[in-house]
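# Fold and geometry: a report
Each chain, written out:
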Amino acid sequence: MNIMKNEKGQAIAPKTKIITKAAFQPLGHTEIRWLGGGGIMINSRGTNLMIDPVLEGFDMPLLIEMPILPHDIPKLDGILITHIDNDHMSVQTCQDVKDVCSAYHAPHYVAQYMSSHGIVTQGHDIADQFNIGTVGITLTPARHNWQNGSQKYQYRFWEEKDYCGYWLDTEDGTIWLPGDSKLLKGHLQMPSPDVILFDFADNEWHITLDGAIKLANTYPEATLICIHWGSVDAPDMTPFNGNPEVLFDKIIHPERIQVLAPGEAWLLGRNE
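What comes next is a walk through the structure. (Residues numbered from 1 in each chain as written. Predicted model: local features only at pLDDT ≥ 70, side-chain atom pairs only at ≥ 80, totals over all residues. Heavy atoms only, no water.)

## With respect to the pattern of salt bridges
Considering all chains together, one arrives at nine salt bridges under this definition. Arg-143 serves as the salt-bridge partner of Glu-160, at 2.8 Å between the closest nitrogen and oxygen. Residue Glu-160 is located in the loop between strand E8 (135-141) and strand E9 (164-170), and its partner Arg-143 is located in the loop between E8 and E9; the two are separated by 17 residues in the primary sequence. Here Arg-143 falls in the partly exposed class, since its relative accessible area comes to 32%. As a salt-bridge pair, Asp-162 and Arg-156 come within 2.9 Å of each other at their nearest N and O atoms. Assessed through its relative accessible area of 4%, Asp-162 is described here as buried. (Salt bridge = Lys/Arg side-chain N within 4 Å of Asp/Glu carboxyl O. Helix = DSSP H or I, 4+ residues; strand = E, 2+ residues; numbered from the N terminus. Buried < 20%, exposed > 50% of the residue type's maximum accessible area, 1.4 Å probe, protein only.)

Here is the structure:
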């Protein structure tokens with residue numbers, strides 16, 4: 001695979017595929033789309049979800065075009081937020097889809113913050129389970145409380161429960177987003193998912209490259225959809241600078257690595 005790079009040597013995602021209103025219609029299967037960065041869209045037989053959509057107003061330059069903007073979204077059954085970092089939780093995006101989004105879910109602290117900005121959000125503990133339409137959702141643990149080491153964020157103590165991943169049970173299979181997180185022992189003891197939304201950022205508060213390889217090879221049958229790379233113009237910041245090329249000779253069954261363009265659909269359990 002030949003990944004494009006810019007003049008700074010930063011890997012860039014393939015050219016964006018624009019998401020149209022047709023992508024939100026009922027389906028006979030489940031479609032997964034990477035929104036760029038850490039964002040995901042899932043249409044599971046007509047249940048439409050987004051996880052960590054940051055579709056506008058991000059405070060750093062981008063390498064990609066957004067595949068959809070909030071005013072073009074016709075319907076969302078729910079938005080799931082993993083944590084408060086502004087490359088995952090966009091107050092502006094969440095506010096701008098309030099008229100078409102039925103529900104918001106997040107860890108308790110994030111839910112309180114969103115609700116204080118007029119976005120009524122259901123707060124959850126790690127391991128909480130709930131349903132949105134046909135999709136069963138479970139919060140999985142994450143460790144990403146880097147703010148405790150930064151003087152700027154010392155106005156509170158950041159707990160691990162303020163961050164999460166999401167496990168989704170659909171009619172067509174299971175999807176797991178571990179979220180921004182160090183590799184945890186529990187991450188290696190999950191049921192085998194059908195799809196991992198795969199962050200491989202080589203950063204100490206992410207999974208690290210070695211951790212990503214270990215996770216991938218613990219679940220050798222899981223499809224790996226690469227996320228959290230090739231989207232932000234920040235060549236000196238490791239959380240944004242993964243390159244899928246480095247994975248192919250280190251992953252069992254490398255053909256399962258999916259390098260999608262932002263907005264491109266990947267089909268899970270197509271039965272049509």
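## Let's talk about the sheet that holds E9
Taken together, the seven strands give an open sheet; going across it, the order is E7-E8-E9-E10-E11-E12-E13, and neighbouring strands pair in mixed fashion. Lying at the two open borders of the sheet, with one neighbouring strand each, are strand E7 (129-132) and strand E13 (257-258). As paired elements, E8 and E9 share six bridges and run antiparallel to each other. In the sheet register, Ile-137 faces E9, and the bridge partner there is Leu-168. On the sheet, helix H3 (residues 209-218) packs against strand E10 (173-177), strand E11 (195-199) and strand E12 (223-227) and is oriented at approximately 175° with respect to E11. (Pairing = 2+ DSSP bridges. Contact = heavy atoms within 4.5 Å. Axes fitted to C-alpha atoms, helices over the stretch in contact; angles between N-to-C directions.)

## Brief notes about the environment of Thr-47
Structurally, Thr-47 is set in strand E3 (residues 47-51). The exposure class of Thr-47 is buried, given its relative accessible area of 6%. Each C-alpha atom of the pair Thr-47 and Phe-24 lies 8.2 Å from the other, and the pair is 23 residues apart in sequence. In this view, Thr-47 contacts Ile-42, Asp-77, Ile-132, Gly-133, Thr-134 and Val-135; residues no more than four positions away in its chain are not counted.

## Brief notes about the packing of aromatic side chains
Inspection of the entire model under this criterion finds nine aromatic pairs. With 6.1 Å between their ring centres and 45° between their planes, Trp-167 and Trp-176 make a pair best called tilted. As far as the burial class goes, Trp-167 and Trp-176 line up, both buried. Relative to Phe-200, the ring of Phe-198 lies with its centre 6.1 Å away and its plane at 25°, an arrangement referred to as stacked. The class for Phe-200 is buried, based on a relative accessible area of 2%. Over the face of the ring belonging to Tyr-109 we find Arg-156, whose NZ or CZ atom lies 3.5 Å from the ring centre. Above the face of the Trp-158 ring, Arg-156 is positioned so that its terminal group lies 4.6 Å from the ring centre. (Phe/Tyr/Trp six-rings, centres within 6.5 Å; stacked < 30°, edge-to-face > 60°. Lys NZ or Arg CZ within 6 Å of the ring centre and 35° of its normal.)

## Things to note about unusual backbone geometry
Look at Ala-127: it is not a glycine, yet its phi comes out positive at around 85°. With respect to the helices, strands and loops of the structure, Ala-127 is situated in the loop between strand E6 (122-124) and E7. With a phi close to 65°, His-228 is a non-glycine residue in the positive phi region. Mapped onto the elements of the fold, His-228 is located in the loop between E12 and E13.

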